[in-house]
Amino acid sequence: MIHHHDFKKLTVAAYQKPKAGNQMCGDSYYVAENSDYFICAVADGLGSGDMAKDSSLAAINVVKEYQDEDVETLMKRANEEMRGKRGCVLSIFKLDLKTRQLEYSGIGNINLIIYQPDGKIIRPISYSGYLSGKLQKVKVQSIDYPSGSSFVTYSDGVQISSKNYSMIARFDSVKESFQHLTDALPSTNDDITLLVGKTV
C-alpha cells in the first residue's frame, strides 16, 4: 500500500506491506505538518497481526493526540500507553521549520537516514529495547536539517544497502527516491514500512 502526503514544506511517500500470510501490517506511522513543525513517527508492534497492530497504533495515536509536545514527552507518553499491551519499538522525529533543528528519539530497530544538501549523510542512533510500559530511559538527539535535506525512515523489515544511500541522495524528487527504494526491496518475511521525505 502506497500513500503520498503533500505538505507545504515537505513531500512524503510511504509504503507499507504486511508480513506474508497476514492481512494486517503490525507497523503504524504518522506524519503531519503545521506552520511551526513537521513530525513523523513510526512504530513496529511486537509480534505480528492484530496484537502487533494494537500496540503500534496505540503509540501512534498518542503521538497524534499530543504532537505539540516535545519528542521526549511523546516517547514517555507512548511508553505509558504500552501497559497491558505487547509493546512496540518507536521512532519519533520533529523538525522545527524555523530553526531547521530536528529532534529525534528512537527505541528499537527503526532506522532513520538524513541526507543534507552538501552530501553529508547522518544516521542517528536508536537505543536498544522496546516500549513496554516499564520505566524506559529516553534520549533525544538534535540534528541540523537544512532546507533541501531529505530523509528515509524504515522498520526492520526493510534492508537498505549502503550502496543505495548515495543513490537516494542523487534523486531530485521524493517520487524518484521512493521508486528506486521500493523497486530494490528484497522479499522479506516481515512487516514493511518505508517513508521517504524531502523539503519542497
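Every residue gets a number counted from 1 within its own chain, in the order that chain's sequence is written. Only residues with pLDDT of 70 or above have their local features reported here, since the model is predicted, and side-chain atom pairs are shown and tallied only from 80 upward, although totals for entire chains, interfaces and linings are computed over all residues. Calculated side-chain values reflect all of the structure's heavy atoms, with hydrogen atoms and water omitted.

Undergrad: Got a minute to help me understand the overall build of the protein in this structure?
TA: Within the protein one finds four helices and 11 strands. Burial classification: accessible surface area is computed with a 1.4 Å probe over protein chains only, and a residue below 20% of its type maximum counts as buried, one above 50% as exposed, and the rest as partly exposed. Looking at the 200 residues of the protein, the share that counts as buried comes to 50%. Look at the contacts in the protein between residues 6 or more apart in sequence, and 66% of them connect residues 24 or more apart. For the protein, the computed accessible surface area is about 9,700 Å², with 47% contributed by carbon and sulfur atoms. Secondary structure follows DSSP: runs of H or I at least 4 residues long count as helices, runs of E at least 2 residues long count as strands, and numbering of each begins at the N terminus. The contact criterion used is simple: two residues touch if any of their non-hydrogen atoms lie within 4.5 Å. Accessibility throughout is a Shrake-Rupley quantity obtained with a 1.4 Å probe, and a residue counts as covered only by protein chains that appear here.

Undergrad: Explain the nonpolar core here, please?
TA: Side chains of nonpolar character tend, in soluble globular proteins, to be buried together. As used in this record, nonpolar core signifies buried Ala, Val, Leu, Ile, Met, Phe, Trp, Tyr and Cys residues forming a set joined through side-chain atoms within 4.5 Å. Counting 22 residues, the largest nonpolar core has Phe38, Phe93, Leu102, Ile114, Phe151 and Leu195 as the members making the most contacts within it. The set of elements that each furnish at least two residues to this core consists of β2 (10–17), β3 (27–33), β4 (37–45), β5 (88–96), β6 (101–107) and β7 (111–115). When neighbours within four sequence positions are excluded, Phe38 is seen to be in contact with Phe7, Leu10, Val12, Val31, Ala32, Glu33, Phe93, Lys94, Leu95, Leu97 and Phe151. Ranked by size, the runner-up nonpolar core spans 21 residues in total, among them Ala58, Ile60, Leu131 and Val138.

Undergrad: Just checking my understanding: could you explain the sheet that holds strand β11 (residues 192–199) for this structure?
TA: By definition, the strands of a sheet pair up through backbone hydrogen bonds, in either a parallel or an antiparallel sense. Any two strands are treated as partners once DSSP identifies two or more bridges connecting them. With antiparallel pairing, the six strands of this open sheet are ordered in space as β1-β2-β11-β10-β7-β8. What marks the edges here is a single partner per strand, and that holds for β1 (2–6) and β8 (121–122). In the sheet, β7 pairs with β8 via two bridges, with the strands oriented antiparallel. In the strand pairing of β8, Ile114 is matched with Ile122.

Undergrad: Explain helix α2 (residues 71–81) here, please?
TA: Because an α-helix completes one turn every 3.6 residues, residues spaced three or four positions apart along the sequence face the same direction. Of all the residues in α2, the buried ones are Val71, Leu74, Met75, Ala78 and Asn79. The buried residues of α2 occupy one face: seen down the axis, they fall within an arc of 135°. In the core, the buried residues of α2 are packed alongside β4, α1 (49–65), β5 and β6. Comment: arc refers to directions from the helix axis out to C-beta atoms.

Undergrad: Where do I start with the environment of Ile2 in this structure?
TA: Note that Ile2 resides in strand β1. Through-space distance from the C-alpha of Ile2 to that of Ala13 is 7.2 Å; in sequence the pair is 11 residues apart.

Undergrad: Would you mind showing me how to read the packing of aromatic side chains here?
TA: How two aromatic rings sit relative to each other is set out by the distance from centre to centre and by the angle between their planes. Only centres within 6.5 Å qualify two rings of Phe, Tyr or Trp (six-membered ring in Trp) as a pair; their planes then separate them into stacked at under 30 degrees, edge-to-face at over 60, and tilted for everything else. Going through the model one piece at a time under the given rule, you end up with four aromatic pairs. Seen from their ring centres, Phe93 and Phe151 are 4.9 Å apart, and the 75° between their planes marks the pair as edge-to-face. On the criterion of sequence distance, the pair formed by Phe93 in strand β5 and Phe151 in strand β10 (residues 150–154) is long-range, its members being 58 residues apart. Phe151 sits in the buried class, given a relative accessible area of 1%. Lying across the ring of Tyr66, Arg77 places its NZ or CZ 3.7 Å from the centre. Think of it as a cone above the ring: NZ of Lys or CZ of Arg counts as a charge over the ring if it is within 6 Å of the ring centre and within 35 degrees of the ring normal.

Undergrad: Help me understand the pairing of β1, please; the structure alone is not making it clear to me.
TA: Side-chain positions along a regular strand alternate between the two faces of the sheet. When β1 meets β2, the two strands line up antiparallel, connected through five bridges. From the neighbouring strand, His3 faces β2, where its bridge partner is Ala14. Hairpin connection of β1 to β2: three residues between the antiparallel strands.

Just geometry here; none of it tells us what the structure is for.
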